[in-house]
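Observations on the three-dimensional arrangement
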Amino acid sequence: MNILYVLVPLALLLAGAGVAAFVWSVRTGQYDDVETPSMRILMDDDMQAPTSEPESDQPASEN
Amino acid sequence: MSTSVNVGSAPARSEATAPDTPCAHCGLPVGSTPVHDPAAENADAFCCTGCQAVYHTLHEAGMHDTYYRLSGIGQERSPQPAQARPDELVYAELGTDDFLAEHAPLRDDGTRAITLFVDGVHCAACVWLVERLTDAFGGVTDALLDLPRARLRLEWDPDRVSLPEVADWLSQFGYRVHPVRQDQHQARTDEERRLLLKVGICWALAGNVMLLALALYAGLDAVDSTLNAAAHWVSFGLAIPAVLYGGSEFVRRAWSSVKWAWHQGTARHLHMDLPIALGIWVGFLDSVWGTVSGRGEVWFDSITVLIAAVLTARWLQLRSRRLAGDASDRLLALLPTMAHQVGGDGTTTPVRVDTLQPGDCVRVRPGDTIPVDGVVEDGRSSVNNAVLTGEHQPTPVEPGDEVTGGATNLSTPLIVRVTATGEASSIGQLLAWVREEAPKSARVAHLADRITGYFVAGVATLAILTATLWLMWAPDEAMRHVVALLVITCPCALGMATPLSLAVATGQAAQTGIFVKSEITLERCQEVDAIVLDKTGTLTEGQLALLDTHGEPEAVAWAAALETNSSHPVAQALTAAHPVDPEVAARIDDIDHIAGRGLSGTVDGRRVVVGRPDWITQEASCEEPLRAAVRNAASNGHTPVAVAVDGVVQAVCVFGDRLRPEVPALVRKWQEAGHRVMILSGDHPAVVRHVADKLSIPEEDARGHVSPAEKRAAIEHLHDEGYTMAMVGDGVNDAGALQQADIGIAVDGGATPSLVAADVFLTRQGLAPIDDLFNGASNTMRVIRGTLTFSLMYNLAGGTAAMAGLVGPLVAAVAMPVSSLVVVTAAITQRSFAVSGAAEAPRSSVPADTPAPPHDTDRSPKASPALDHVPGHPSTKQAA
């Protein structure tokens, strides 16, 4: 049973690590919007700049 | 809007497209006037030119593949066709130095960051498209869209790209941006994060304490007493942050309610947090004593779980409140803040309204809101004061006339000399009322808080009784049982019942298009015994519509064709009711506008004149039945318009503000329920009387020509008479009254200040949601009363058991979570707002300033009955 004197503090340390991660994630605003990031993973990262620069210089403004 | 689309695409129109064909861009039905590409034969059909433009922009940019692939993914939010009218004034403001200095200060690395509202984003594809900003502009270093709240976080290098360029790029895809102003959002986010941290940390602590408690209950002391003591000490260590950090939430509020109650000299202001804080601390101190002395019981597990559970309920409540808060922030962003200032040389420059001084001149384009109070310097036009006075008849203005900020300029550009700006102007005054701190919150107390006083008294009595009985019976045990009583009766479930039920109900209400800003409103709905209604825009649709026609239908059709060439409100109402056959429209010649009177033209060689009856009858003959129709319409406060063909008046069209179809039944229902129903309108008393008669509202309860200040005073007066009233309105002139009323309800399409002032605002059209609100509120209160009753029963049972000495830490550890669970389940599974109307989703999550898509299919059905109904009272059919 004496092993508990090591295991319980160890478990508490692990829990502390979890709490620290949670605190970090809340502070960096990761729970502010829980919906958009789920869509963002569907997007292609590799699609490089489809718009050419000239197009962006003078966009059609009549719409 | 639809007419211009129609005219622009008419030449390219091939064979008829079915009205239910999906638009190639947005997927909504294209309606009866689809837009086709001019070039191709079998081209795609679009519902409007906005969608068409976006479709082609996407293709040209090579983005269409990904966009349309993603557009089906994710929850669809407020689907609507692309809005095609970026407001260049808003965009001009984005570029001004003042604006940037205020909202996006230059950062150390030379970049700026800002948060913008983006209207029109609704799906995964929108997220992708908007975030392509970083690819489109080298100068944009970061673009992150928060879809549920439609906020774009933008970081850019001001040397390489300007904000108006970015806004322009977004607008070509139909997204409109507004700057975020007067932001409550950051404060809300911070508060939410702070509470979420507490919730997370407290649950982590509670979980570990529970694990240790499990070992203790399983009989650890019998196995190893050292280990037993160690477990006590570890639990103690874990409970300290839970009580001090998590529990401070309750202690703070409990303390301030005690101070308040002391101040007032009554126990009625005690907050539910008081017994909670008391239970926590008594349990904690007793457990500390038990740990230190090595004898007695520890309650650490019960109190840590209790703290975490109640905090969770609080957090959920806060989160549900954000729905309405975010929406009203978004409304504030729409207030006009820019104006076209006219310089000495006649050129105009966009400036911020707050930099204008009395004496400056501003140019107001047709369709724009007049930004300041002033005097017309140049130009003749008509202005619509409906938003300010409730009177929907346009007022003609000419040089020398005064105009009021907030009114809309209708026909031709005006130059206005500023006489008052900001707080000194009439709209500024109204806004100041809105911002005034209302004494409402002091007047009411939550149902749960009202019983707190009795609850505390009851528990105190029980505690004294327990102590006395046990002191006589077994003095050693007295202290132990008193503590057990205080811990077990700690009103965990009681404290969760109200916030959770209200939070869930508010969320459900928002889904049905009813945004409740403060949950207390749901409680107050129960007490309402007077309903005060504005007329224009609330009881009525708030815009001119064709009510009735007399005479030759053919003449009316010609008049409609002729009126497609005018932007006058009467013309728009007529063409909306009579979809114009393009063939007829093509045969019109010699169109001549006579300002303030009407217009004339030639159709098939016949001369058609449409306009004011008194003007037309000067040169055209008119028979008696039609004259009677004109007189009748005028006496009812409606606007008659005569149509003369070849010098003979052949038809009379009657225009007016149509009563919403559901209103008569609703008013009858409220009257039968014993509510006093009143009308307060800024419109002409004759018109108000006419509407009141229709709704059988007694004469003294229907008042016309009421100024905004009088409306506010009338509400105050009602309050003094002892009524609890709900005020329903939509205009700027209602804002003060909405603020003053016990419950202010702003209807869909209302002016921004009214939406800001109101306690509840609707995003579903019509007044039916108000009925849903009352029903939903009473359902919610039933749920709350049920859960409160359950909690009290539980506390009674727990208290009795504790008095009998049957409650130990184990019983508490089981009984307390179970009772909370019952309350949580009851709150979450309630169906308070799952009303019949909820099946149809809210029309839009942006309640204002988003013109409905120009689908003629939407419009014609309600307008057409007027056609085949000739004589009789003009408005009788509205009730049907």
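The structure reproduced in this document is the subject of the present report. (Residues numbered from 1 in each chain as written. Chains lettered and ligands numbered in written order. Predicted model: local features only at pLDDT ≥ 70, side-chain atom pairs only at ≥ 80, totals over all residues.)

Here we take up the overall build of chain A. Each helix and strand counted, chain A has three helices and zero strands in total. Secondary structure of chain A in N-to-C order comes out as α-α-α. Of all 63 residues assigned to chain A, the portion counted as buried reaches 10%. (Helix = DSSP H or I, 4+ residues; strand = E, 2+ residues; numbered from the N terminus. Buried ≥ 20, exposed ≤ 12 C-beta atoms within 10 Å, placed from the backbone.)

If you tally the helices and strands in chain B, you get 36 helices and 28 strands. Relative to its 880 residues, chain B shows a buried fraction of 52%. A separation threshold of at least 6 residues defines the contact pool for chain B, and within that pool the share at least 24 residues apart is 70%. (Contact = placed C-beta atoms within 7 Å.)

Unlike most non-glycine residues, Asp 646 of chain B shows phi in positive territory, near 50°. Assignment of secondary structure puts Asp 646 of chain B in the loop between β22 (639–645) and β23 (648–659).

So, on to the packing of helix α11 (residues 225–246) of chain B against helix α13 (residues 273–293) of chain B. Residue and element names in this part refer to chain B. At a closest axis distance of 10 Å, the pairing of α11 and α13 adopts a crossing angle of 155°. By the criterion of interaxial angle, the relationship of α11 to α13 is roughly antiparallel. Judged by the twist between their axes, the crossing of α11 over α13 is left-handed. Counted together, His 232, Trp 233, Phe 236, Ala 239 and Val 243 of α11 and Ile 280, Phe 284, Val 288 and Thr 291 of α13 form the full contact between these two elements. In the contact of α11 with α13, the residues fall into seven nonpolar, two polar and no charged. (Axes fitted to C-alpha atoms, helices over the stretch in contact; angles between N-to-C directions. Parallel < 35°, antiparallel > 145°, perpendicular 65-115°, else oblique. Left-handed = near helix turned anticlockwise from the far one by under 90°. Nonpolar A, V, L, I, M, F, W, Y, C, P; charged D, E, K, R; others polar.)

Right, let's get into the environment of Thr 404 of chain B. One can find Thr 404 of chain B in the loop between β13 (402–403) and β14 (408–409). Each C-alpha atom of the pair Thr 404 of chain B and Val 372 of chain B lies 6.6 Å from the other, and the pair is 32 residues apart in sequence.

Let's shift gears to the environment of Val 372 of chain B. All names here are of chain B. Structurally, Val 372 can be placed in the loop between β9 (361–364) and β10 (373–378). It is 8.9 Å that separates the C-alpha atoms of Val 372 and Ala 339, two residues lying 33 residues apart in sequence. Residues in contact with Val 372, not counting those within four places in the same chain, are Val 353, Leu 356, Val 362, Gly 405, Val 418, Ala 420, Thr 421 and Ser 425.

Pairing between the strands of a sheet is mediated by backbone hydrogen bonds and can be parallel or antiparallel. All names here are of chain B. One open sheet holds the four strands; their spatial order is β4-β5-β3-β6, and the pairing between them is antiparallel. Only two strands of the sheet have a single neighbouring strand rather than two, namely β4 (140–146) and β6 (176–179). Sheet twist, expressed as the mean angle between neighbouring strand axes with direction ignored, is 30°. Of the strand pairs in this sheet, strand β3 (residues 112–119) and strand β5 (residues 151–156) are connected by six bridges, and their pairing is antiparallel. Note that in β5 the partner of Leu 116 across the bridge is Leu 152. (Pairing = 2+ DSSP bridges.)

Let us look at the nonpolar core. Residue and element names in this part refer to chain B. Among the nonpolar cores identified, the biggest contains 140 residues, and Val 532 and Met 725 are the most heavily contacted of them. Not counting the four nearest positions on each side in its chain, Met 725 is found in contact with Val 528, Ala 530, Ile 531, Val 532, Ile 715, Leu 718, Ala 741 and Asp 742. Of all hydrophobic cores here, the second largest spans 51 residues; its members include Ala 45, Val 54, Ile 114 and Leu 152. (Core = buried A, V, L, I, M, F, W, Y, C linked by C-beta atoms within 7 Å.)

All right, on to helix α31 (residues 708–720) of chain B then. Think of an α-helix as 3.6 residues a turn; residues three or four steps apart then line up on the same face. Residues and elements named next belong to chain B. Compared with the 18 Å implied by 1.5 Å per residue over 13 residues, the 19 Å span of α31 between its first and last C-alpha is a close match. Among all positions in α31, only Pro 708, Lys 711, Arg 712, Ile 715 and Leu 718 are buried. The buried residues of α31 occupy an angular sector of 120° when projected down its axis, which confines them to one face. The outward face of α31, more than 90 degrees from its buried face, is lined by the exposed residues His 717 and Asp 720. Positioned one or two residues after α31, Gly 722 has a phi angle of 100°, which is positive. (Expected span 1.5 Å × (residues − 1). Arc of directions from axis to C-beta.)

Looking along a regular strand, one sees side chains alternate from face to face of the sheet. All names here are of chain B. Counting buried positions over the five residues of strand β24 (residues 676–680) gives four, a clear majority of the element. Across four bridges, the pairing between strand β17 (residues 530–533) and β24 is parallel. Bridge pairing links Ala 530 to Arg 676 in β24. Of the strand pairs in this sheet, β24 and strand β25 (residues 702–703) are connected by two bridges, and their pairing is parallel. The partner of Leu 680 across the bridge, within β25, is Arg 703. Assessed by its sense of winding, the connection that carries the chain from β24 through helix α30 (residues 685–694) to β25 is right-handed. (Right-handed = clockwise from strand over helix to strand, strands pointing away.)

Here we come to the sheet that holds β24 of chain B. Residue and element names in this part refer to chain B. Taken in spatial order, the seven strands of this open sheet run β16-β28-β27-β26-β17-β24-β25, and their pairing is mixed. Sheet topology places β16 (514–516) and β25 at the edges, where each strand pairs with a single neighbour. Relative to strand β28 (residues 760–762), strand β27 (residues 743–746) runs parallel, the two being bridged by two bridges. If you follow Ile 745 over to β28, its bridge partner there is Val 760.

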